[in-house]
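Breakdown of the fold
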Amino acid sequence: MRTPFVVGNWKLHKTVAEATALVTELKNQLGAVKGVDVGVAPVFTSLWPVARRLEGSSIALAAQNCFYEEKGAWTGEVAPSLLADAGCTWVIIGHSERRQHFGETDDTVARRVKAALAAGLGVIACVGETDAQRDAGATFAVVDQHLAGALAHVDAAASARVVIAYEPVWAIGTGRTATPAQAQEVHAHIRTRLRERLGAAAGDAMRIQYGGSVKPGNAEALMSQEDIDGALVGGASLEAADFVAIVKAARPKT
Ligand code: PEP
């Protein structure tokens, strides 16, 4: 049985006051929801106040990135243990916006995943192809390469704390969503790779989220696919009503 996991990636949005107000609404509206794990990923400056507001709630707190060193002369970076100290239990690693704008590579993703797991955090590792890569027929090759980085230091035991987010770059923030069939095709491919690499039991137990313009109107069709175990939601996670509707569209997978 895989419990779906729906996470809101707030990106570079919301002041501390706005973030705590949104999470208060989510806490109120999602308190009774069962059978789905929920998380939010605010900007770094809101992590601690949101963590305090989430006390007593099952909504998990995630960071949007972390560094791979624990301490030292690394101006501007944040260590995984400091994220845990601020109340995070998850961290998103290798988001395409990090790869595209901040020079992240499969190697730095691998190091970040290793450091995050060592600090006790769960990891949401993002993989996915660009438009041009899809048009060139390279979707599976790109996903395989991203997976190799994300899983470089992950064994079957650690895999219980790792979630893969398939996020086709062409669908992120564009309003263009992969069709449920397109998404399922790649998720099934990822599932095969997870089973090959980590063994059938661990591969079957791992959750694979879909991300890319998930909205209340398409969430159920996407998340009802066999290998789609929840969603990583950007734009639609900024409004409580939309995010709550997406969370309520998720069903456990047997
Ligand atoms: C994301 O940022 O991970 C994402 C999927 O964004 P959006 O839902 O806005 O496409």
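Residues numbered from 1 in each chain as written. Predicted model: local features only at pLDDT ≥ 70, side-chain atom pairs only at ≥ 80, totals over all residues. Heavy atoms only, no water.

1. Here's the deal with the packing of helix α7 (residues 139–150) against helix α8 (residues 180–198)
How two helices pack is summed up by the angle between their axes together with the distance between the axes. Across the interface, α7 lies against α8 with an axial gap of 11 Å and an inter-helix angle of 45°. Regarding the angle of α7 to α8, the classification is oblique. Crossing angle aside, the handedness with which α7 passes α8 is right-handed. Contacts from T139, F140, V143, D144 and L147 of α7 reach α8 at E185, V186, H189, I190 and R193. For the contact of α7 with α8, the class distribution of residues is 5 nonpolar, 2 polar and 3 charged. (Axes fitted to C-alpha atoms, helices over the stretch in contact; angles between N-to-C directions. Helix = DSSP H or I, 4+ residues; strand = E, 2+ residues; numbered from the N terminus. Parallel < 35°, antiparallel > 145°, perpendicular 65-115°, else oblique. Left-handed = near helix turned anticlockwise from the far one by under 90°. Contact = heavy atoms within 4.5 Å. Nonpolar A, V, L, I, M, F, W, Y, C, P; charged D, E, K, R; others polar.)

2. Overview of the side chain of Q209
Mapped onto the fold, Q209 is located in strand β7 (residues 207–211). Within polar-contact distance, the side chain of Q209 engages the backbone oxygen of A231 at 3.5 Å. (Polar contact = N/O pair within 3.5 Å; in protein donor to acceptor, adjacent residues only side chain to side chain.)

3. A closer look at the site of the ligand
Around the ligand lies a shell of 14 residues, among which K11, E167, G173, S213 and G234 are the nearest. One of the side-chain nitrogen or oxygen atoms of H95 is found 3.0 Å away from an oxygen atom of the ligand. Contacts to the ligand include G173, whose backbone N or O atom sits 2.6 Å from an oxygen atom. Burial of the ligand by the protein amounts to 98% of the accessible area it has alone, namely 300 Å². Per-class residue counts for the shell around the ligand are 4 nonpolar, 8 polar and 2 charged. (Near = heavy atom within 4 Å. Areas by Shrake-Rupley, 256 points an atom, 1.4 Å probe, with all protein chains shown as cover.)

4. Describing the pattern of salt bridges
Pairing of side chains with opposite charge becomes possible as their charged atoms draw close. As enumerated under the stated definition, the model contains 15 salt bridges in all. Between D229 and R2 there is a salt bridge; the shortest N-O distance is 2.9 Å. Pair noted here: D229 is in the loop between α10 (216–223) and β8 (230–233) and R2 is in the segment before β1 (5–9), with a separation of 227 residues, a long-range link. In this pair, the class of D229 matches that of R2, namely buried. Across the pair R195 and D204 runs a salt bridge whose closest N-O atoms are separated by 2.6 Å. On the basis of relative accessibility, which here comes to 36%, the residue R195 falls in the partly exposed class. Here the salt bridges do not stand alone but share partners, grouping R2, R191, D227 and D229 into one network. (Salt bridge = Lys/Arg side-chain N within 4 Å of Asp/Glu carboxyl O. Buried < 20%, exposed > 50% of the residue type's maximum accessible area, 1.4 Å probe, protein only.)

5. Regarding the environment of A119
Secondary-structure assignment places A119 in the loop between α5 (106–118) and β5 (122–127). Sequence separation between A119 and L82 is 37 residues, and the spatial gap between their C-alpha atoms is 8.9 Å. When near neighbours in sequence (up to four residues on either side) are disregarded, A119 contacts P80, S81 and A84.

6. Overview of the packing of helix α1 (residues 16–30) against helix α11 (residues 240–248)
At a minimum axis separation of 10 Å, α1 and α11 run at an interaxial angle of 40°. Crossing angle aside, the handedness with which α1 passes α11 is right-handed. Along its contact with α1, which presents L22, E25, L26, Q29 and L30, the element α11 presents A240, F243, V244, V247 and K248. Among the residues forming the contact of α1 with α11, the class breakdown is 7 nonpolar, 1 polar and 2 charged.

7. Description of the packing of aromatic side chains
Inspection of the entire model under this criterion finds 4 aromatic pairs. Between F67 and W74, the aromatic rings sit 5.0 Å apart at their centres with planes inclined by 55°, giving tilted as the arrangement. Judged by relative accessible area, which is 40%, W74 ranks as partly exposed. Ring pairing ties together the aromatic residues F67, Y68 and W74, which thus form one cluster. The ring of F102 is capped by R98, whose NZ or CZ atom sits 4.1 Å from the centre of that ring. Here R111 stacks its cationic end above the ring of Y68, 4.8 Å away from the centre of that ring. (Phe/Tyr/Trp six-rings, centres within 6.5 Å; stacked < 30°, edge-to-face > 60°. Lys NZ or Arg CZ within 6 Å of the ring centre and 35° of its normal.)

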